[in-house]
Amino acid sequence: MPLQALPFGLAPVQTIAMPIVVLLAFVPYWIRARTLAADGRPVPTWRIVCFACGLLVLEVALSAPVDTLSDQLLLAHMAEHLLIGDIAALLLVLGLTGPMMAPLLRNPIISRLRVLSHPVVAIVVWGVNFYVWHLPVLYQAALRHDALHALEHATFLAFGIAVWMALLGPLPKPSWFSNAARLVFIVAMRLIGTVLANIMIFGGTVFYPYYVPGDGQWHISPLADQVAAGGLMMVEESLLTIGLFCWLFLRVARQNDQRQELLDYATQHGIELDERRAQRAVASGRSDELWTRLRERAGAGTPAQHHPVS
Amino acid sequence: MRHPPNPIRSEASAFEFLFWALGAIAVFVIVVAVIEALA
């Protein structure tokens, strides 16, 4: 189908209102970033860029052309879902810091939602939500009913944010969520996605007959459309997983360096510092506080006491 | 100043939330499936 024939004019609300709503979400973020900068706690520029890019990706995914295509091709719908649930959610989470979220967390209702960023809760709910929406009955019901479709996208975004918050977000993590546990978390995410992608690729059955007319318009068989959609999910998740492995490797290397620097400094100045304490401070991102204490003790010439850091 | 309890540190509340979330999803799936079957 030529692009000129796409019925963008049939969706004026989506064409005009959605971009405004999505982009307006940047306003409170920007105001808070300015406030923090004035307060001497600036949000790193790369995080601001990530948040803006997350909104832009969301904007593209929810735009009329993509939405129209996603009603015709499973491949396009898969791309839309990956943009919303994986890429946009990831970028939005990368844009968040603790001080940025502080006003939100003071709201008791939003504060209760922090439980969603618990690693076990996040990955289980994310995985279940992922599979449930891909059940043929729900997937096709969402295509027929706009409200259900909006709910589908909202849950992909919300639980996507939850799963990225659990792994990369600024909120405190359970003490058992070490780097090894993060590795397991990443592998589990990969497996959850891979199994569904393989079912779509090798299933040999058309799961969503809703797309038969649309596939006919684009001169592609429904099964080929489904295989392409599964393949797209596999490729996108593979790239994400490689990126996450790199991030985790660099994180472990950086933490080892920071811990060693703390231990070396303590040894040089005759201060007693437990290795686990140094590791705990580094892992929780509070090595600066431990450095301050060590320097104070070194200056005072007294041995360090074992205060819990986190 | 006394800080409010941190929900993330309470594993019990997390798993309680998980239980209710999965229950809600199950009910939602059943309701939609029944409505679609009757339609």
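These figures come from a predicted structure and were not determined experimentally. (Residues numbered from 1 in each chain as written. Chains lettered and ligands numbered in written order. Predicted model: local features only at pLDDT ≥ 70, side-chain atom pairs only at ≥ 80, totals over all residues.)

**Student:** Looking at this structure, I do not really get the overall build of chain A. What am I missing?
**Tutor:** Counting secondary structure elements, chain A contains 15 helices and zero strands. In terms of overall dimensions, chain A has a C-alpha envelope of 80 × 45 × 30 Å along the principal axes. Sorting the 310 residues of chain A into buried and exposed places 33% on the buried side. The contacts of chain A with a sequence gap of at least 6 include a subset with a gap of at least 24, amounting to 76%. (Helix = DSSP H or I, 4+ residues; strand = E, 2+ residues; numbered from the N terminus. Buried ≥ 20, exposed ≤ 12 C-beta atoms within 10 Å, placed from the backbone. Contact = placed C-beta atoms within 7 Å.)

**Student:** Whenever I open this one, the overall build of chain B confuses me. Can you help?
**Tutor:** A count of helical and extended segments in chain B gives one helix and zero strands. Split into buried and exposed, the 39 residues of chain B put 5% on the buried side.

**Student:** Sorry if this is basic, but what is going on with the interface of chain B and chain A here?
**Tutor:** The accessible area lost on association of the parts is a frequent measure of interface size. The partner chain A presents 18 residues to the 16 residues of chain B that form the contact. Split by residue class, the side of chain B that touches chain A holds eleven nonpolar, two polar and three charged. (Nonpolar A, V, L, I, M, F, W, Y, C, P; charged D, E, K, R; others polar.)

**Student:** Could you clarify how one ought to interpret the confidence of the model for chain A in this entry?
**Tutor:** Close inspection of predicted coordinates is inappropriate in any region flagged by low pLDDT. Residues and elements named next belong to chain A. Per-residue pLDDT for chain A has a mean of 89; in total, 92% of the residues score no lower than 70. A low-confidence stretch, residues 1–10 (pLDDT under 50), is modelled with nine contacts involving residues beyond four sequence positions or located in other chains. Throughout residues 303–310 the model reports pLDDT below 50, and contacts reaching past four residues in sequence, or to other chains, amount to 21 contacts. (pLDDT = per-residue confidence, 0-100.)

**Student:** I'm lost on the nonpolar core in this one. Help?
**Tutor:** A general trend in soluble globular proteins is that nonpolar side chains are found buried together. All names here are of chain A. With 57 residues, the main nonpolar core has Ala88, Ala122, Ala162 and Val163 as its most contacted residues. Listing elements by their share of this core, those giving two or more residues are helix H3 (45–61), helix H5 (74–94), helix H8 (119–133), helix H9 (136–144), helix H10 (146–168), helix H11 (179–202) and helix H13 (222–268). When residues of this core are assigned to their parent elements, the largest contribution, 14 residues, is made by H5. Among the nonpolar cores identified, the runner-up in size contains nine residues, and Ile271, Leu273, Ala278 and Val282 belong to it. (Core = buried A, V, L, I, M, F, W, Y, C linked by C-beta atoms within 7 Å.)

**Student:** Quick question: what am I supposed to make of the environment of valine 195 of chain A here?
**Tutor:** Here valine 195 of chain A shows up in helix H11. A sequence separation of 19 residues divides valine 195 of chain A from tryptophan 176 of chain A, and the C-alpha atoms of the two residues are 27 Å apart.

**Student:** Got a minute to help me understand the confidence of the model for chain B in this structure?
**Tutor:** Looking at chain B, the pLDDT average stands at 80 and 74% of residues meet or exceed 70. As scored by the predictor, the complex reaches a pTM of 0.85 and an ipTM of 0.76.

**Student:** Would you mind showing me how to read the environment of leucine 96 of chain A here?
**Tutor:** Residue and element names in this part refer to chain A. Looking at where leucine 96 falls in the secondary structure, it is placed in the loop between H5 and helix H6 (98–105). Along the backbone, leucine 96 and leucine 168 are 72 residues apart, and their C-alpha atoms lie at a distance of 9.7 Å. Excluding residues that lie within four positions of it along the chain, leucine 96 makes contacts with Met101, Gly169 and Pro170.

**Student:** Please clarify how unusual backbone geometry should be interpreted in this entry.
**Tutor:** Only a minority of non-glycine residues have a phi that is not negative, and only a minority of peptide bonds are not trans. Phi is positive for histidine 219 of chain A, which is not a glycine, with a value near 55 degrees. Along the chain, histidine 219 of chain A turns up in the loop between helix H12 (212–217) and H13.

**Student:** Can you walk me through the packing of H8 of chain A against H10 of chain A in this structure?
**Tutor:** Relative placement of two packed helices is described by the angle separating their axes and the distance separating the axes. Residue and element names in this part refer to chain A. Contact geometry of H8 with H10 gives a least axis separation of 8 Å together with a crossing angle of 150 degrees. Of the possible angle classes, the one that applies to H8 and H10 is roughly antiparallel. In the packing of H8 onto H10, the handedness of the crossing is left-handed. Contacts between H8 and H10 involve Pro119, Ala122, Ile123, Val125, Trp126, Asn129 and Trp133 from the former and Glu152, Thr155, Phe159, Gly160, Ala162, Val163, Met165 and Ala166 from the latter. (Axes fitted to C-alpha atoms, helices over the stretch in contact; angles between N-to-C directions. Parallel < 35°, antiparallel > 145°, perpendicular 65-115°, else oblique. Left-handed = near helix turned anticlockwise from the far one by under 90°.)

**Student:** Mind showing me how you'd approach H11 of chain A here?
**Tutor:** Turn by turn, an α-helix covers 3.6 residues, leaving residues three or four places apart pointing in a common direction. Residue and element names in this part refer to chain A. In a regular helix each residue adds 1.5 Å, so 24 residues correspond to 34 Å; H11 covers 34 Å between its end C-alpha atoms and thus fits that length. Among the residues of H11, those classed as buried are Arg182, Phe185, Met189, Gly193, Ala197 and Met200. For H11, the elements touching its buried residues are H8, H10 and H13. Immediately downstream of H11, the backbone of glycine 204 shows phi near 75 degrees, a positive value. (Expected span 1.5 Å × (residues − 1).)

**Student:** Could you clarify how one ought to interpret the packing of H11 of chain A against H13 of chain A in this entry?
**Tutor:** All names here are of chain A. Closest axis-to-axis distance for the H11/H13 pair is 8 Å, and the angle between their directions is 170 degrees. With respect to H13, the axis of H11 lies roughly antiparallel. For the contact of H11 with H13, a count of residues per class yields 13 nonpolar, seven polar and four charged.

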